[in-house]
Amino acid sequence: MSLAVQIRQHGGPEELQIVDVTVGEPGPGEIRIHHHAVGLNFIDVYHRTGLYPLQMPAAIGMEGAGIVEAVGEGVTHLKAGDRAAYASNPPGSYAEVRLMPAKTVCKLPDAIGFETGAAMMLKGLTAQYLLKKTLPAEGLQPGDHVLFHAAAGGVGLIACQWAKALGLQLIGTAGSDEKCRLALANGAAHAINYRTEDFAARVKDITGGKGVKVVYDSVGKDTWEKSLECLRPFGLMATFGNASGPVAPFAPGALGAKGSLYVTRQTLFTHIATREATQAMADDLFAVVQSGAVKIHIEQRYALRDVEQAHRDLEARKTTGCTVLTLS
């Protein structure tokens, strides 16, 4: 038996229920993993609320780290006893023990702790594909300006550090002066409090009126229009989340009028669709973390039984950096 978090219907944090579940033996291509910690992410909120609908009853959670207990037929890159971490479909990491597909589970280097592994996989792999793969038509070179919303969040703080290591001038936005200071302390070249400043005007000031080559946006509805104003001609609007709600339909002709802009909607799970792609991205993430260029800031820890409060704090934007649920 294992404790796990499930929902019976879409709704608020009160729908998160801790239940006992039976965990069997892994089938072909699967592993059974005993978690030491699991990551908390905004996609978990989307699953809970129904923005990304799930079939009921539904398990929750996309990220975790622990010890592999058993492997199924055909699994060759992992064995029982391995330390491992993952960001993966299907949801279900909010659990002591689970079965799951093995292809997106990676061995966790000994130098990286379980809490760090649980905190960094989804957010770190997201930062990796954004900065390394989701690029404007003209590419990114050292010295280029990029705009990154929610720069003090879990993905944002990793991106701030990684962008600095790549020589980029990252302009971060956040919802308080304290969060702006945090982004600056982690490598952002500039930080804008979007509650007190017009971020589009500030971006134009910072870039001498040129705008940025790319905007990385996980906020969605509230930042969409002004983000387009921040782009230089042929710039890329890369949306990868909906923290404020989904972006409303828009007329493609507006992109031409604003400078022949590009728009893309990215998701991690396209990038980690194969075992080879997942491992290559994870190796890049592990290397930059072990080098010290990127530090994983775990600012909040909740016991699994306190998952409801963790979701309330996340939605209220009370959290910074990464958050984990711990399992004894």
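What you are looking at is a predicted structure, and each value in this text was computed from that prediction instead of being measured. (Residues numbered from 1 in each chain as written. Predicted model: local features only at pLDDT ≥ 70, side-chain atom pairs only at ≥ 80, totals over all residues. Heavy atoms only, no water.)

A. Quick peek at the packing of aromatic side chains. The full count for this structure, using the stated rule, is 5 aromatic pairs. Plain terms: the ring middles of Trp224 and Phe250 are 5.2 Å apart, the flat faces sit at 45° to each other, and that makes the pair tilted. With Trp224 in helix H6 (residues 224–229) and Phe250 in the loop between strand E13 (231–239) and helix H7 (253–257), this pair connects stretches of sequence that are 26 residues apart. On the accessibility criterion, Phe250 (35% relative accessible area) is partly exposed. Following the ring pairs from residue to residue traces out a cluster consisting of Phe42, Tyr46 and Tyr52. The ring of Phe114 has Arg83 lying over it, and the distance from NZ or CZ to the ring centre is 4.5 Å. (Phe/Tyr/Trp six-rings, centres within 6.5 Å; stacked < 30°, edge-to-face > 60°. Helix = DSSP H or I, 4+ residues; strand = E, 2+ residues; numbered from the N terminus. Buried < 20%, exposed > 50% of the residue type's maximum accessible area, 1.4 Å probe, protein only. Lys NZ or Arg CZ within 6 Å of the ring centre and 35° of its normal.)

B. Quick look at the sheet that holds strand E2 (residues 17–21). Taken in spatial order, the 3 strands line up as E2-E1-E4 in an open sheet, and their pairing is antiparallel. At either end of the open sheet lies a strand with only one pairing partner, and these are E2 and strand E4 (58–59). Sheet analysis places strand E1 (residues 2–7) next to E4, joined by 2 bridges and oriented antiparallel. By the bridge assignment for E4, Gln6 is matched with Ala59. (Pairing = 2+ DSSP bridges.)

C. The arrangement of the nonpolar core in detail. Leu125, Tyr216 and Ile296 are the most contacted members of the largest nonpolar core, which has 53 residues in total. A total of 11 residues in this core trace back to one element, the largest contributor, which is helix H2 (residues 114–133). The contact partners of Tyr216, leaving out residues within four places of it in the chain, are Leu130, Leu131, Thr134, Leu135, Leu140, Val146, Leu147, Phe148, His149, Ala238 and Phe240. (Core = buried A, V, L, I, M, F, W, Y, C linked by side-chain atoms within 4.5 Å. Contact = heavy atoms within 4.5 Å.)

D. Representation of helix H1 (residues 42–49) in the model. Where burial is concerned, most of H1 is hidden: 6 out of the 8 residues are buried. Within H1, the full set of buried residues consists of Ile43, Asp44, Val45, Tyr46, His47 and Arg48. Against E1, strand E3 (30–39), H2, helix H8 (268–271) and helix H10 (307–315) lie the buried residues of H1. Downstream of H1 by one or two residues, Gly50 has phi in the positive range, about 100°.

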